[in-house]
Amino acid sequence: MLLKINFTQQRRVRLAQGLWLMSWLAVMCGAFIFCLGVYLKTELLRRNEVMENTEIHMVPNILMMVGLASIGTNWVASRVCQDSLDATRFPRWKVLLLAWFALAALLCCLLIAVVVLSYALQGRLEESLKVGLRNGIRFYKDTDVPGRCFQKETIDRLQMEFRCCGNSNFRDWFEVQWVSNRYLDFTSKDVKDRIRSNVDGRYLLDGVPFSCCNPASPRPCLQYHLTDNSAHYNYDFQSEELNLHSRGCRQALIDYYMGLMNSTGPGVLSVILRQMTVAASLRYLQAAVEGAMALGGTQRARRETSPGEGSRNH
Amino acid sequence: MAVLRVKFTKTRRDKLAQVLWILNWISVATGAILFSLGLFLKVELNKRGELMAGKDIQYVPNMLIAVGLIACAINFLGGKICYDCVDTTKFLRWKLIMLPYIICTFFFTFCVLVGALMCYSMRGELEESLNLGLTEAMRFYKDTDTPGRCFLKRTVDVLQIEFQCCGNNGYKDWFQIQWISNRYLDMSQKEVVDRLRSNVEGKYLIDGVPFSCCNINSPRPCIQQQITNNSAHFNYEHQTEELNLWMKGCRQALLEHYNYIMQSIGLAVLITWLFELSVLTGVRYLQTSLENVLRQGDPNSESDGWLLENSFMETARTNLHIIKTLGKNNQIDTSNNGDPNINIPSTSKAHYGPDNMPPKKTSEAS
């Protein structure tokens, strides 16, 4: 017998009532976990176009599954509590209870796995964002190609919303042709020179799109001829910090998603604790009621446990 | 001839009291909702406070907040009264207060209605205020080194990005002001000097707009400078180009945003007003039926409830008479020889002296 407690009839009734309340609270926690999963998934789906793979979606998927399973499990626990004080109705739950404990243990393990995964998948998320953003920047100019025509809007919106520029920083835009050939005057000397200046025949310039501009800058935004100090009055390229967003979009997005997942961490941990409390209380209640029924309705009943009580929830 | 007379049995009276108790508590909740709506509107107006100049429109959310708080208090009292009205003995406690309470609540519902109407009438003042505020903000866009105005550039940029608008009425407003500070102009260049000389006030005016006017839906990279010059950009036609910049003016965009909020709030306040009026009607019926029960003496009997005891004209006349005679409280009533305890007929005998004999008639006729 492990962790033995004596239960009078009065205390059994109290325990059943308290457990009924706790299991309904746990149902609400399950709903909360489900909503958390849904929220995280929608946030990830919103930026789907700049992510290359969907491995990180494992975290919200598991959260949603666990939330739904937790709602069902704890609802069953509340039904068991309601029937526990009625000797005629309790026996039908006996068979189910072992499965219930196994399921509760599985849910707690899954929740712990989610917390671990959200840290472990950070590297994969970074890779996915790196490739996705690189493609987004490369296809920025292809607003006439079906399937890629929304890349420009996506990247512009992303850069303005997250106050970032480029993949690692704004220089990523110098290496890509982001002005479409449709808008280049091929008779102009400047255009011809630029196209000839590199092997691939791309029109590269030291300029960035308007969405990189920082609204907090005291001067009107400088987008073109960024590396040329003489092109603008009173301008020093090396020391100018406020003109464009200095952060790279990859870093901004990772910070955002890590912040989201970290803030859900304490909530998930408290749900794990609650679930374990419900499981332990249900085990006490089950043993106490079975003991009472075995003794044939005498006042006191000893609580009996199976040998594996303390080590169940690993 | 009572107005809208209804017969109430004892059970109906009790049921009415209980229902009114619940409704009063719901009204407390709606009063709290009104309060929070007023608070929400205040916060929304303050968020764009820098872009509104001149007229003070804070009186609308302040009115809503005050009305919400008073509604909570009045309906809380009403709930208490209705709860006690189920028992005729407890009703005696509230008997004297009920009529003044009903009259006060009736006038209060007018305040709620005024609050609702103010929400709809605010639009004109808001438009003027925004017009002035936006013009000022655009004029001081370049003054990022002047304390007190240094955040206007950021405010205007963020506004234009968020509401997808450009300028006051349209993007051409930017052509008429200097939005590039002199700190960033090279006065030694010929082009700059020419531009400064080209207008009376010596302002550096260009046909360009800030970057926040750029439309993200445009298929080509944003054209911000030399907008009216077709030859400056390849494959560009200024007149037909619609996707390059935001076409809406910021005043229009902000007005639409606030209109939407105001209409929703106005609707909610109107519904609250109707609800309050119906609760007030119920309380009035309850009051009159309970008073009639007291008059009849038997607490279990049927009684009549009404809105007004006499017809509308009669009640108006009586009340006006009361208001008129209110001022005459201190004046002596001279119609009964000044003594209010004696009721002498007004045609009294002539007083002929101490022996009260009428004088002899003289028969001479000279």
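Residues numbered from 1 in each chain as written. Chains lettered and ligands numbered in written order. Predicted model: local features only at pLDDT ≥ 70, side-chain atom pairs only at ≥ 80, totals over all residues. Heavy atoms only, no water.

### As for the domain arrangement of chain A
Residue and element names in this part refer to chain A. With domains assigned, chain A is organised as domain 1 (9-122 + 251-291) and domain 2 (125-249). With 18 residues of domain 1 in contact, the opposing surface of domain 2 contributes 16 residues. The contact between domain 1 and domain 2 buries some 1600 Å² in all, and 63% of this surface belongs to carbon and sulfur atoms. Inspection of the region where domain 1 meets domain 2 yields three salt bridges. A salt bridge links Arg46 to Glu161, with the nearest nitrogen and oxygen atoms 3.6 Å apart. Summed over the shared surface of domain 1 and domain 2, the result is 12 residue pairs in polar contact (both at pLDDT 80 or more). Top element by residues in the side of domain 1 that touches domain 2 is helix 7 (residues 249-294). It accounts for eight residues. The residue makeup of the side of domain 1 that touches domain 2, split by class, is 10 nonpolar, three polar and five charged. (Domains from an automatic or database assignment. Contact = heavy atoms within 4.5 Å. Buried area = accessible area lost by both parts, 1.4 Å probe. Salt bridge = Lys/Arg side-chain N within 4 Å of Asp/Glu carboxyl O. Polar contact = N/O pair within 3.5 Å; in protein donor to acceptor, adjacent residues only side chain to side chain. Helix = DSSP H or I, 4+ residues; strand = E, 2+ residues; numbered from the N terminus. Nonpolar A, V, L, I, M, F, W, Y, C, P; charged D, E, K, R; others polar.)

### Re the state of the cysteines
Residues and elements named next belong to chain B. This structure, assessed with the given rule, holds six disulfides over all chains. Cys165 shares a disulfide with Cys250; S-S distance 2.0 Å. The sign of the S-S torsion, about 85 degrees, decides the handedness of the disulfide formed by Cys165 and Cys250: right-handed. Placement of Cys165 in the loop between helix 4 (152-163) and helix 5 (190-197) and of Cys250 in helix 6 (residues 250-296) is noted, with a sequence separation of 85 residues between them. For the pair Cys165 and Cys250, one class covers both residues: buried. Each disulfide pairs two cysteine sulfurs, and for Cys214 the partner residue is Cys222, the sulfurs being separated by 1.8 Å. (Disulfide = S-S within 2.5 Å. Buried < 20%, exposed > 50% of the residue type's maximum accessible area, 1.4 Å probe, protein only.)

### Points about the environment of A:His225
Residues and elements named next belong to chain A. Examined against the element boundaries, His225 turns out to sit in the loop between helix 6 (189-196) and helix 7. Owing to a relative accessible area of 41%, His225 belongs among the partly exposed residues under this scheme. For the pair formed by His225 and Cys108, sequence separation is 117 residues and the distance between their alpha carbons is 57 Å. Discounting residues that sit within four places of it in the chain, His225 has contacts with Arg194, Asp206, Ala231, His232 and Tyr235.

### Comments concerning the environment of B:Leu41
Residue and element names in this part refer to chain B. Locating Leu41 in the fold gives a position in helix 1 (residues 10-47). On the basis of relative accessible area, Leu41 is assigned to the buried category, the value being 0%. Residues within four places of Leu41 in sequence aside, it is in contact with Val60, Pro61, Leu64, Ile261, Met262 and Ile265.

### Overview of the interface of chain B and chain A
With 26 residues of chain B at the contact, the number on the chain A side is 26 residues. Together chain B and chain A conceal approximately 2400 Å² of surface at their shared face, both sides included; 65% is due to carbon and sulfur atoms. The largest per-residue losses of area from chain B upon contact with chain A belong to B:Tyr184, B:Phe211 and B:Ile216, which jointly make up 29% of the total buried on that side. Where chain B touches chain A, the interface holds zero salt bridges.

### Remarks on the packing of aromatic side chains
One pair of aromatic rings is described through two measures. These are the centre distance and the angle between the planes. Scanning all chains against the criterion turns up 18 aromatic pairs over all chains. A ring pair is formed by B:Phe106 and B:Phe110, whose centres lie 5.4 Å apart and whose planes are at 75 degrees; its orientation type is edge-to-face. Placement of both B:Phe106 and B:Phe110 in helix 3 (residues 88-139) is noted, with a separation of four residues, approximately one turn of the helix. By relative accessible area, which is 43% here, B:Phe110 ends up partly exposed. Geometry around A:Phe139 places A:Arg148 over its ring, the cationic atom sitting 3.9 Å from the centre. We note B:Arg149 situated over the ring of B:Phe140; from NZ or CZ to the ring centre the distance is 3.8 Å. (Phe/Tyr/Trp six-rings, centres within 6.5 Å; stacked < 30°, edge-to-face > 60°. Lys NZ or Arg CZ within 6 Å of the ring centre and 35° of its normal.)

### Comments concerning the pattern of salt bridges
This structure, assessed with the given rule, holds 33 salt bridges over all chains. For the salt bridge of A:Arg194 with A:Asp190, the shortest nitrogen-to-oxygen distance reads 3.8 Å. Placement of the pair is A:Arg194 and A:Asp190 together in helix 6, with a separation of four residues, close to one helical turn. On the basis of relative accessible area, A:Arg194 is assigned to the partly exposed category, the value being 22%. For A:Asp190, a relative accessible area of 43% corresponds to the partly exposed category. The partner of B:Arg251 in a salt bridge is B:Glu127, and the shortest N-O contact between them spans 3.9 Å. Remark: B:Glu127 occurs in helix 3 and B:Arg251 occurs in helix 6; sequence separation between them is 124 residues.

### Notes on the nonpolar core
When a protein is soluble and globular, its nonpolar side chains tend to lie buried together. One finds A:Trp173, A:Val208, B:Leu126, B:Trp174 and B:Val209 to be the most contacted residues of the largest nonpolar core, which totals 141 residues. For this core, the two domains that each supply at least three residues are domain 1 (9-122 + 251-291) and domain 2 (125-249) of chain A. Those residues in contact with A:Trp173 that sit more than four places away from it in its chain are A:Ile137, A:Tyr140, A:Ile155, A:Gln159, A:Cys165, A:Gly166, A:Trp178, A:Leu205, A:Gly207, A:Val208, A:Pro209 and A:Cys212. A:Ala77, A:Cys81, A:Tyr284 and A:Ala288 belong to the second largest nonpolar core, which has 21 residues in total. (Core = buried A, V, L, I, M, F, W, Y, C linked by side-chain atoms within 4.5 Å.)

### Focus: the UniProt feature "transmembrane region" (unreviewed entry) in chain A
Residue and element names in this part refer to chain A. The UniProt entry lists residues 20-40, 61-77 and 97-121 under the feature "transmembrane region" (unreviewed entry), expressed in the numbering used here. The distance separating the terminal C-alpha atoms of residues 20-40 is 30 Å; by composition the span is 100% helix and 0% strand. Between the first and last C-alpha atoms of residues 61-77 the distance is 24 Å; the span itself is 100% helix and 0% strand. (UniProt positions renumbered as here; feature names shortened; annotations may be inferred.)

### Here we look at the side chain of A:Ser128
Residue and element names in this part refer to chain A. Looking at where Ser128 falls in the secondary structure, it is placed in helix 4 (residues 122-138). The exposure class assigned to Ser128 is buried, which follows from its relative accessible area of 1%. Sequence-distant contacts of Ser128, defined by excluding residues within four places in its chain, comprise Val50, Met51, Glu52 and Asn53.

### What to know about the side chain of B:Thr105
Relative to the helices and strands, B:Thr105 resides in helix 3. Relative accessible area serves as the criterion here: at 4%, B:Thr105 is assigned to the buried category.

### Examining a nonpolar patch on the surface
Residues and elements named next belong to chain B. Together, Trp21, Ile22, Trp25, Ile26, Phe76 and Tyr83 line one region of the surface with nonpolar side chains, adding up to about 620 Å² of accessible area. Elements with a minimum of two residues in the nonpolar patch: helix 1 and helix 2 (59-84). Here the nonpolar patch gets four residues from one element, more than from any other, and that element is helix 1. Structurally, Ile26 can be placed in helix 1. Residue classification places Ile26 among the partly exposed residues on the basis of a relative accessible area of 40%. (Patch = residues over 30% accessible without salt bridge, like charges linked within 9 Å, V, L, I, M, F, W, Y side chains within 5 Å. Areas by Shrake-Rupley, 256 points an atom, 1.4 Å probe, with all protein chains shown as cover.)

### Quick word on the packing of helix 1 of chain B against helix 2 of chain B
All names here are of chain B. Between helix 1 and helix 2, the shortest axis-to-axis distance is 7 Å and the interhelical angle comes to 165 degrees. Comparing their axes, helix 2 and helix 1 come out roughly antiparallel. The chirality of how helix 1 crosses helix 2 is left-handed. Within the contact of helix 1 with helix 2, the residues separate by chemical class into 22 nonpolar, nine polar and one charged. (Axes fitted to C-alpha atoms, helices over the stretch in contact; angles between N-to-C directions. Parallel < 35°, antiparallel > 145°, perpendicular 65-115°, else oblique. Left-handed = near helix turned anticlockwise from the far one by under 90°.)

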